[in-house]
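Observations on the model geometry
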Amino acid sequence: MSSLNVQLKHLIEFIRIPVHNPDLLKAKYRAFCRQMPVMYFILISSTWALASTHMSVAPAWLTVTVPSVFSVISVIRVIFWWKLRNHLPSAEETFRALKRTQRLAVVISIAFTLWSFLLYPYGDAYQQSHIAFYMAITVISCIFCMMHVRSAAFIVAVIVNGAFIVFFMSTGHATFVAIAVNILLVSFGMLAVLMVNYGNFERMIVAQQQTEALSNENLRLANIDSLTGLPNRRAFFNHLTEAFDTANHEQTRLAVGVIDLDGFKPVNDLYGHSSGDRLLMEVSNRLTHSFASEDLFLARLGGDEFAFIISNVAIDRDVVGEANRMCEHMHSPFTLPDATIMISGSIGIAVYPDLASSPEELFDRADYALYHGKRQKRGNSTLFTARHVAEIHRDARIEQTLKQADLVAELSVVFQPIVDISLNKTTGFEALARWDSPALGRVSPAQFIPIAERAGIIGSLTRPLLKKALEAARKWPDDIRLSFNLSAQDLNSSEAVMVIIAIIETSGFDASRLDMEITETAFIHDTRQARHSVEMLRNIGCGISLDDFGTGYSSLTCLHSLPLTKIKIDHSFVHEIQDNPASEKIVRSVLTLSREMGLDAIVEGVETAEEIAVISHLGGTLVQGYLFSRPMAENAILDFLASETDAQRPYYRTA
């Protein structure tokens, strides 16, 4: 009994239309939909062919009325399936349609079989043979046309061929019995072929599903940042293009923000890349959970750079305020297994259609706002404005003019004294670049130096400026030192450093009296090469000063990894230090640190007697600033040094 139940269960499962795979169900429907009109055309043509051979011997209701009814029903079904050929219903609708077809197959099979048997008594052997041929060839055609709905094809075969075989074998006529046996064998063969093709079709659809799933997964992985799970750079720009087109079509506003983490590199340097990765994941989680919105699309562009897109920006929406809140969230400490990390984030923002006309321009302007903001106020957001447009045009003009300039003729050097206030004596001068352009007039070094660095032509400026500075310094007393600023690009290859060393060695100036000033940007991207370059300069006797100490995030790493001889305390900590306890503590700490590490410390930007009094009290001895002198031309230096012989001259002047 149990075996019978199992077989019955298998039979029911065989007849049932499978619904476990909706995509496979829809594929069967599409294939079935295209073949049903063909099946009904075969039925109609075969039916009228059989009816025509019996019109002279059979009643009209059998040869005209019944075929006409069959034809009308078939035409209706053809029209029905033809209309659905381009329609893709839901899986549920597909199941219902195939279920109806399965039931209709039973009705049609019985109807056509019964009609064939009703014609059999009429006519001679030829006409009876035609009936046998009609039933056999029609069933074979139907099996092929209905092969994608296996149960329907089997139902038709069992009903029609089963009745055909039983009926014709019961006639006892040898020819009809042979035909019945032949049809039986052919039916088994056709059904076997049906099963093979049906299985192949299912496997093909499943394979397509697997391929599509793999393709979708690859596409997802290609658009997802594997570390944070956020959309990556590719996905960001795809979304930006789509969001821009939508904003352009719907006349709405669109904001783009670029986020850069300030202080991320020291985390990698001090705690390792695994901690850096954990920090990036924490930043991602914090931004995602705190600023989740349908209108906000957040992505990681790479490294420590993130970006966001805000769609449907209302005119009164405070995008800058939202970005500032992001910055505030990043100011909060990040607790990692290895340490508690303090970083900040700077954000540049641009809004369409205010000052951008394409997706690329919108991103570039947000990136420019970020660059500008990191120079002016790190840890905050900066909105791209019309003022930045003017700056871009100005910078572009400066860059083009600089590339075409006669640098040897147009560049010059001025010198600002570095004073030892404990000895009331100038110990050296810092060389500062000046550019007098015939086309632009005098251009501030605060403008043309960063532009030359971004344009990759700073080396073209370094070489003539260094030659001019060394030529002037060669005339100074032997106890006066020269400080000269190097860019990160001057240290990014051994070849570039060799050019600088060649200039020094052919100048006639003692390299031991030369201090090369570098900033943290010189090593932030390639610490190994920067260290190698600095060591090459130290090997010929040059001193190395770390400029703008305290303004970046890698300064302590510099002190540990580079062979420094001096540090320069940035002027931002000196301004009104007498009224700022925090600045006083910072300067005190740096002076103490420098003494303990055996480094000289130069305090920059001293402008008032009150400031110098505090610095002197804190133990600072080497100072530089307008309080002592503004930068001076080469021909004024010897007179300046000579004036120091006046014992009555105070250790600062207001010139």
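Treat the numbers as computed from the prediction; the structure is a model and nothing was measured. As a convention, each chain's residues are numbered from 1 in the sequence order in which they are written. With the structure being a predicted model, the display of local features is reserved for residues of pLDDT at least 70 and the display and counting of side-chain atom pairs for 80 or more, all residues being used for whole-chain, interface and lining totals. Remark: hydrogens and water are excluded; side-chain values derive from all non-hydrogen atoms of the structure.

1. Details of the nonpolar core
Within soluble globular proteins, side chains that are nonpolar generally end up buried alongside one another. Where we set the bar: Think of a nonpolar core as a cluster: buried Ala, Val, Leu, Ile, Met, Phe, Trp, Tyr and Cys residues, connected wherever their side-chain atoms sit within 4.5 Å. Burial here depends on accessible area, computed with a 1.4 Å probe over protein chains only, as a share of the maximum for the residue type. Under 20% is buried, over 50% is exposed, and the range in between is partly exposed. Counting from the N terminus, the helices are DSSP H or I runs at least four residues long and the strands are E runs at least two residues long. It only takes one pair of heavy atoms within 4.5 Å for two residues to be counted as in contact.
Formed by 74 residues in total, the largest nonpolar core has its most connected members in F415, L482, M516 and L537. Top element by residues in this core is helix α16 (residues 458-473). It accounts for 8 residues. Setting aside residues up to four positions removed in sequence, L537 forms contacts with L486, L491, V497, I500, I501, M516, C542 and I544. By size, the runner-up hydrophobic cluster in this structure holds 52 residues, among which are L50, L62, M147 and V160.

2. Structural notes on the packing of aromatic side chains
Going by this rule: Note on ring pairs: Phe, Tyr and Trp rings are taken, using the six-membered ring of Trp, and paired if centres are within 6.5 Å. Classes follow the plane angle, with under 30 degrees stacked, over 60 edge-to-face and the rest tilted.
Counting across every chain of the model gives 12 aromatic pairs. Ring centres of F429 and F640 lie 6.2 Å apart, and the angle between their planes is 70 degrees; this geometry places the pair in the edge-to-face category. Placement of the pair is F429 in strand β9 (residues 425-437) and F640 in helix α22 (residues 637-642), with a sequence separation of 211 residues. Pair check on accessibility: F429 and F640 agree, each one buried. Three or more aromatic residues link up through ring pairs in this structure, and these residues are F415, F429, W476 and F640.

3. With respect to helix α13 (residues 386-404)
Here is the rule we go by: Here, expected helix span is obtained from the residue count minus one, scaled by 1.5 Å.
In this model, α13 (19 residues) spans 28 Å end to end at C-alpha, consistent with the 27 Å of a helix rising 1.5 Å per residue. H388, V389, E391, D395, I398, T401 and L402 are the residues of α13 that are buried.

4. Here's the deal with the pattern of salt bridges
Here is the rule we go by: Here a salt bridge means any side-chain nitrogen of Lys or Arg lying within 4 Å of a carboxyl oxygen belonging to Asp or Glu.
Scanning all chains against the criterion turns up 20 salt bridges. Residue K475 is joined to E634 by a salt bridge in which the shortest nitrogen-to-oxygen separation is 3.0 Å. Of this pair, K475 sits in the loop between α16 and β11 (481-485) while E634 sits in the loop between β16 (622-623) and α22; the two residues are 159 residues apart in sequence, bridging distant segments of the chain. By relative accessible area, which is 52% here, K475 ends up exposed. Relative accessible area serves as the criterion here: at 33%, E634 is assigned to the partly exposed category. Two residues, E517 and K568, come together in a salt bridge whose shortest N-O distance is 2.8 Å. Placement of E517 in strand β12 (residues 514-518) and of K568 in strand β14 (residues 566-569) is noted, with a sequence separation of 51 residues between them.

5. Topic: the confidence of the model for the protein
Predicted coordinates in areas of low pLDDT are best not read in detail. Which entries qualify depends on this criterion: Per-residue confidence from the predictor is reported as pLDDT, which spans 0 to 100.
Per-residue pLDDT for the protein has a mean of 83; in total, 92% of the residues score no lower than 70. Note on residues 647-655: pLDDT is under 50 here. Beyond four places in sequence and across chains, it has 21 contacts.

6. Description of the sheet that holds strand β2 (residues 296-302)
Within a sheet, neighbouring strands are paired by backbone hydrogen bonds and run either parallel or antiparallel to one another. For clarity, the cut-off: What makes two strands pair is DSSP finding at least two bridges between them. Fitting a line to C-alpha atoms yields each axis, with helices limited to the stretch in contact; the angle taken between N-to-C directions then spans 0 to 180 degrees.
One open sheet holds the 5 strands; their spatial order is β2-β3-β1-β6-β7, and the pairing between them is mixed. Looking at strand neighbours, the two that pair on one side only are β2 and β7 (381-383), the edges of this open sheet. Averaged over all neighbouring strand pairs, the angle between strand axes comes to 20 degrees, with direction disregarded. The pairing of strand β1 (residues 254-262) with strand β6 (residues 344-352) spans 9 bridges and is antiparallel. Note on β6: the bridge partner recorded for I259 is I347.

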